[in-house]
Every structure is written in C-alpha cells, then in structure tokens.
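Each chain, written out:
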Amino acid sequence: MKVLVTVKEVTAVDDEFEIDGLDIDDRYVTADLNEWDEYAVEEAVQLSESLDDVEVVTVTIGPSDSEETIRQALAKGADRAIRVWDDALDDDAMLDPATKARLLAAVAEQEDPDLILTGVQSADDSLGATGVTLADQLGTEWAAVVNALDLDAEAGVAHVHRELEGGVEELTDVELPAVLTIQTGINDPRYASLRGIRQAQSKELAEKTLNDIGLDATALDSPIEQTALYEPESEGDATLYEGTPEETAGELAGLLAERGVGQ
C-alpha cells in the first residue's frame with residue numbers, strides 16, 4: 001500500500017515587517033512545515049506502523065531552499081519525498097488551488113497511491129481548497145476535514161469522522177483510492193528524533209520538473225493573479241492604560257461611565 005502526503009513549506013511573519021513589492025522582505029519571515037500537513041504526515045506514518053508493507057511518500061511544490069523543511073517529514077518517518085519545481089514556476093507570484101492540484105495530480109498519476117492525505121489548509125494562504133480540488137482532478141472519492149480515521153486496507157475502505165459546522169460530526173465510509181484532508185487534533189504529531197534526522201539525510205528526495213511529470217508551462221495558466229500586497233488598516237481603536245491597578249481601574253471605570261455602561 002502507498003500513501004501519498006502533500007506537504008508545504010509556509011512562512012510566518014514577524015509582528016513588524018516591510019512589504020517589498022508582492023512579497024514581504026525575507027528579513028521578517030521564517031519558514032516551517034505547514035501545521036496541518038504535520039498531522040497528515042503523522043497519520044500516514046501511524047498507518048505504516050500499524051499495517052504491513054506501507055510506503056509513505058511526500059510531495060511538495062517548492063524551490064530548492066525548501067528541502068530542509070521537506071526533510072522534517074522524512075525525519076518523522078516518511079520513506080521518501082518528491083519536490084516539484086521548474087524555472088517557469090519562478091515567475092509565478094502565487095499558485096491558486098487549481099494549479100497546485102494540477103501539478104500534484106500529475107505526480108499522483110505517476111505514483112499511483114492507494115490513499116492521498118493533505119492538510120485541511122495552509123497557514124499562509126488559508127484557502128482550504130487544494131485537497132478537494134486534487135480529488136476532483138483525479139476523479140477519486142474524497143472526505144474533507146477528517147478528524148478520525150480507521151482504515152480497512154483489505155476491504156479498501158476508509159472509515160472517517162468529518163468535522164462539520166456547529167460541532168456536528170459525520171461518520172462516513174470512503175472507498176479507496178481517495179483523498180482525505182486532515183484536520184489538526186486527529187493525532188499528536190511526533191518530534192523528529194536525532195536518529196530520524198540523521199536517517200532523513202540519506203532518504204530519497206527526488207527533484208522533478210514540469211516535463212518530468214508530463215506537463216509544460218501551460219499547466220500554470222491561471223485566471224487568478226496577485227496584483228498587490230498591503231497591510232489592511234485597523235478597523236478599531238484600542239486604549240492602553242498604564243499605571244497601578246488602582247489607577248488603571250479608575251480610568252477604565254471613568255470611561256465606562258462616560259459611555260453609559262451600567263446606567
């Protein structure tokens with residue numbers, strides 16, 4: 001059995017930052033493995049530990065400087081990794097979910113996995129659409145926002161709990177092959193051990209261009225274009241009181257009385 005996990009390097013931005021064109025200056029960002037993808041990787045690794053003959057493969061769309069982040073998944077137990085990048089991708093300010101799904105689907109068609117796990121969303125774009133769009137591209141069954149998974153490999157069925165709005169949960173069966181988007185809290189992602197980190201350095205990390213996955217630059221055609229990046233204006237004002245508790249409590253009480261609170 002093969003489990004393919006999509007992983008993404010995301011960036012966290014400092015509280016104070018500067019915008020440089022369509023990007024934030026590199027001085028103010030740090031890169032890490034997407035939080036939701038960590039849960040997807042852990043779920044795949046747990047499957048490999050509980051079932052016989054399971055291979056866990058990760059796939060990433062990203063430049064060469066994302067390899068250190070990718071190897072975090074290898075250090076946590078993934079068997080090998082694939083990184084897709086091409087010179088044509090350097091010119092794209094952003095990849096919309098349909099374009100990313102097109103690239104990931106091309107890799108999935110080559111790998112022919114039994115199960116694909118993705119994070120529900122990424123911490124930077126937060127679009128939450130790549131996983132289900134990937135399922136649509138592949139024509140497979142899918143389940144989104146999965147917070148519990150019981151896989152019956154022999155029957156080829158995934159028994160999943162899905163988190164719906166209003167705190168409602170749905171129990172449903174999904175036939176394999178399928179795409180599942182994994183929610184945080186489904187498990188407790190492990191820390192990479194020193195042994196795992198050493199082993200990750202020798203595990204296969206294949207680099208593939210668009211041509212390698214059977215695509216060309218037309219696969220990047222998108223109706224979505226990033227035209228600007230700016231910090232939105234604050235929608236409200238905050239008053240900060242400084243001083244002793246007695247002083248600040250008095251000032252706050254005065255403001256509340258002025259606004260008619262408690263009258």
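Overview of the structure. Values in this document were obtained by computation on a predicted structure and should not be read as measured data.

Our focus in this paragraph is the pattern of salt bridges. Taken as a whole and judged by the stated rule, the model has 14 salt bridges. The partner of Lys-8 in a salt bridge is Asp-124, with the nearest N and O atoms 3.0 Å apart. With Lys-8 in the loop between strand 1 (2-6) and strand 2 (9-13) and Asp-124 in the loop between strand 8 (115-119) and helix 4 (130-138), this residue pair connects regions lying 116 residues apart in the sequence. With a shortest N-O distance of 2.7 Å, Glu-170 and Arg-162 are connected by a salt bridge.

Moving on: the side chain of Ser-122. Relative to the assigned elements, Ser-122 resides in the loop between strand 8 and helix 4. Relative accessible area serves as the criterion here: at 9%, Ser-122 is assigned to the buried category. Polar contacts involving the side chain of Ser-122 include one to the main-chain amide nitrogen of Asp-125, which spans 3.5 Å. Look past the residues within four positions of Ser-122 in its chain and what remains in contact with it is Lys-8, Val-10, Asn-34 and Trp-36.

The strand order across the open sheet formed by 9 strands is 11-10-9-12-8-1-6-7-13, and the pairing between neighbours is mixed. Bordering the open sheet on either side are strand 11 (169-175) and strand 13 (205-208), each of which pairs with just one other strand. Ignoring which end each strand starts from, the neighbouring axes of this sheet average 35° apart. Here strand 10 (residues 157-163) runs beside strand 11; their pairing, made up of 7 bridges, is antiparallel. Directly across from His-161, in strand 11, lies its bridge partner Leu-171. Along the sheet face, helix 1 (residues 35-50) touches strand 1, strand 6 (55-61), strand 8, strand 9 (141-152) and strand 12 (178-182) and points at about 150° away from the line of strand 8.

Let's shift gears to unusual backbone geometry. A cis amide bond links Leu-176 to the next residue, Pro-177, at an omega of 0°. Within the element layout of this structure, Pro-177 appears in the loop between strand 11 and strand 12. The phi torsion at Asp-112 lies on the positive side, around 55°, for a residue other than glycine. By the element assignment, Asp-112 lies in the loop between helix 3 (97-111) and strand 8. For Val-145, which is not a glycine, the phi torsion comes out positive at approximately 55°. Here Val-145 shows up in strand 9.

Quick notes on the rules
Residues numbered from 1 in each chain as written. Predicted model: local features only at pLDDT ≥ 70, side-chain atom pairs only at ≥ 80, totals over all residues. Heavy atoms only, no water. Salt bridge = Lys/Arg side-chain N within 4 Å of Asp/Glu carboxyl O. Helix = DSSP H or I, 4+ residues; strand = E, 2+ residues; numbered from the N terminus. Buried < 20%, exposed > 50% of the residue type's maximum accessible area, 1.4 Å probe, protein only. Polar contact = N/O pair within 3.5 Å; in protein donor to acceptor, adjacent residues only side chain to side chain. Contact = heavy atoms within 4.5 Å. Pairing = 2+ DSSP bridges. Axes fitted to C-alpha atoms, helices over the stretch in contact; angles between N-to-C directions.

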